[in-house]
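Now for the letters of each chain:
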Amino acid sequence: MSTITSFQVVLDALLDEHRAFPRAYLRAFSDLGPVNLRDLLAVWPKVGVKRRRQLLVDLRALAEEDTLLSFDDFARSLLKDEDGMVRAAAIRLLWDCDDVKLIPDYLHILTSDPDPATRAAAATGLGGFVLSGEFDEIPQRFLRQVEDALLVAATGSDTALVRRRAVESLGFSSRPEVPALIEAAFAHSDPDWVVSALFAMGRSSDERWEEQVLAGLTNDDLRIRQAAVEAAGELSLSAARPLLLEMLQEEEEAEIVQAIIWSLSQIGGEDVRTVLITLLDQIEDDEMVEFLEEALENLEFTEEMNRFDLMALDLDEDEPEK
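Residues numbered from 1 in each chain as written. Predicted model: local features only at pLDDT ≥ 70, side-chain atom pairs only at ≥ 80, totals over all residues. Heavy atoms only, no water.

1. Description of the confidence of the model for the protein
Averaged over all residues, the pLDDT of the protein is 94; the fraction at 70 or higher stands at 94%. Across residues 1-5, confidence stays below pLDDT 50; counting only partners more than four residues off in sequence or on other chains, it has 11 contacts. (pLDDT = per-residue confidence, 0-100. Contact = heavy atoms within 4.5 Å.)

See below:
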């Protein structure tokens, strides 16, 4: 699919809406050269909006399966597409891109795009730059610019979805204004806000949220319960381990069961390995077997990191006082 001639076959298939677009052609959109990108953009307006939207959804799914693929150049070119859902999908396709040149585009979309779902996607996309800034991977002036815009969005008059996404992205931030925003979201009467608060808590690397996360684990709302399970794992809350092990025996929702397993692999500790191995011996579903095997690999990583932390602590204690 690297030559102009072969890429024309892809374009023809994209324009032929009487037939399903072949999945095998999706990889042709990765690392597009300037000529192929130009030709694609030339025919793009002729592609039906439903097919455009579905193509971007399919490309995002493929990118999650194969991290060596990059659709960044194509996605960048769609940030000004006439369709809001296409613009939002383009941002999602760029979620793994850490190029700071995207920041002005996202900030413009966050403040000016007419479609609230697209503004919400931009708020989410900016979260990746907050995380990069916290690790000093981008200049601090960019971090401050992004945080300032998200703080305005989180406390402004935009739709609840945009404000919630801004709070979620600020979960990565160490700015002093953020904990109060998360607390207010957690105290909200709308369960969607509570879910966003728990999501932000999980991103915060701050154990101050232990009480709230533990409370969420027993909530009757499925979404809140799952968000709390995931936050417990992200924060490696050892206090959540007994309750998660108990939930694993009682929970009926498959998505929450998987979330519990993964969070236990992030927390580690007493009985976790035994429980996961026992589950692996009992499960016959191939996908679940694969998931449990991945969880056990992650548990091994968690245990290695815990041993490293204990060794570092022992070394610190052995150092003579100065």
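Structure shown, so let's carry the discussion forward.
2. Let's talk about helix α7 (residues 116-134)
Relative to the 27 Å expected for 19 residues at 1.5 Å per residue, α7 spans 27 Å between its end C-alpha atoms, a close match to the ideal helical length. Among the 19 residues in α7, 14 count as buried, and that is most of the element. Backbone geometry just after α7 places D136 at a positive phi near 55 degrees. (Helix = DSSP H or I, 4+ residues; strand = E, 2+ residues; numbered from the N terminus. Expected span 1.5 Å × (residues − 1). Buried < 20%, exposed > 50% of the residue type's maximum accessible area, 1.4 Å probe, protein only.)

3. Some remarks on the side chain of E147
Looking at where E147 falls in the secondary structure, it is placed in helix α8 (residues 140-155). Looking at E147, the relative accessible area reads 3%, which means it is buried. A polar side-chain atom of E147 sits 2.6 Å from a polar atom in the side chain of S173. In this view, E147 contacts V130, E134, L170, S173, S174 and R175; residues no more than four positions away in its chain are not counted. (Polar contact = N/O pair within 3.5 Å; in protein donor to acceptor, adjacent residues only side chain to side chain.)

4. Looking at the layout of surface pockets
As a volume, the largest pocket reaches approximately 720 Å³. In terms of lining, the largest pocket is formed by 32 residues, of which the most central are F172, G202, R203, E230 and E234. Counting residues per element, the ones that place at least two in the lining of the largest pocket are α7, α10 (178-186), α11 (191-203), α13 (222-234), α15 (254-267) and α17 (286-318). Counting residues per element, the lining of the largest pocket draws most heavily on α15, which supplies 5 residues. When its volume is computed, the second largest pocket comes out at roughly 470 Å³. Residue lining of the second largest pocket: 23 residues in total, with W95, T124, E168, F199 and R203 positioned closest to the centre. At the level of secondary structure, the elements contributing two or more residues to the lining of the second largest pocket comprise α7, α9 (160-170) and α11. Sorting elements by how many residues they give to the lining of the second largest pocket places α7 first, with 7 residues. Tallied by class, the residues present in the lining of the second largest pocket amount to 9 nonpolar, 6 polar and 8 charged. (1 Å grid on protein atoms, 1.4 Å probe; cavity = no way out; pocket = protein on both sides within 12 Å on 5 of 7 lines; lining within 4 Å. Points joined across faces, edges and corners; volume = space filled by probe spheres on them. Nonpolar A, V, L, I, M, F, W, Y, C, P; charged D, E, K, R; others polar.)

5. Re the environment of Q140
Mapped onto the elements, Q140 comes out in helix α8. Between the C-alpha atoms of Q140 and V130, which are 10 residues apart in sequence, the distance is 9.8 Å.

6. Regarding the environment of V162
With respect to the helices and strands, V162 occurs in helix α9. As for V162 and A122, which are separated by 40 residues in sequence, their C-alpha atoms are 8.8 Å apart. In this structure, V162 is in contact with L110, P116, R119, A120 and A123, ignoring residues within four places of it in sequence.

7. Things to note about the packing of helix α6 (residues 102-112) against α8
Close contact between α6 and α8 brings their axes to 11 Å; oriented N to C, the two are set at 10 degrees. Considering the angle they form, α6 stands roughly parallel to α8. Like other packed secondary-structure pairs, α6 and α8 cross with a definite hand, here left-handed. Residues I103, L107 and L110 of α6 lie in contact with α8, whose contacting residues are F142, Q145, V146, A149, L150 and A153. Among the residues making up the contact of α6 with α8, the classes are represented as 8 nonpolar, 1 polar and no charged. (Axes fitted to C-alpha atoms, helices over the stretch in contact; angles between N-to-C directions. Parallel < 35°, antiparallel > 145°, perpendicular 65-115°, else oblique. Left-handed = near helix turned anticlockwise from the far one by under 90°.)

8. Points about the nonpolar core
Counting residues in hydrophobic clusters, the biggest one holds 106 residues, and the most contacted among them are F29, F74, L244 and I261. It is α8 that contributes the most residues to this core, 8 residues altogether. Each residue touching F74, except ones within four places of it in the same chain, is listed here: F29, L32, L37, L40, W44, L55, L56 and L59. (Core = buried A, V, L, I, M, F, W, Y, C linked by side-chain atoms within 4.5 Å.)

9. Quick look at the pattern of salt bridges
Where charged atoms from two side chains of opposite charge approach closely, those side chains can pair. In this structure the tally under the stated criterion is 21 salt bridges. Between R223 and D221 there is a salt bridge, with its nearest N and O atoms 3.2 Å apart. The residue R225 makes a salt bridge to E251 at a minimum N-O spacing of 3.1 Å. In this pair, R225 sits in helix α13 while E251 sits in the loop between α14 (241-250) and α15, placing the two residues 26 residues apart along the sequence. Owing to a relative accessible area of 13%, R225 belongs among the buried residues under this scheme. Through salt bridges that share partners, E147, D148, R175 and E177 make up one connected network. (Salt bridge = Lys/Arg side-chain N within 4 Å of Asp/Glu carboxyl O.)

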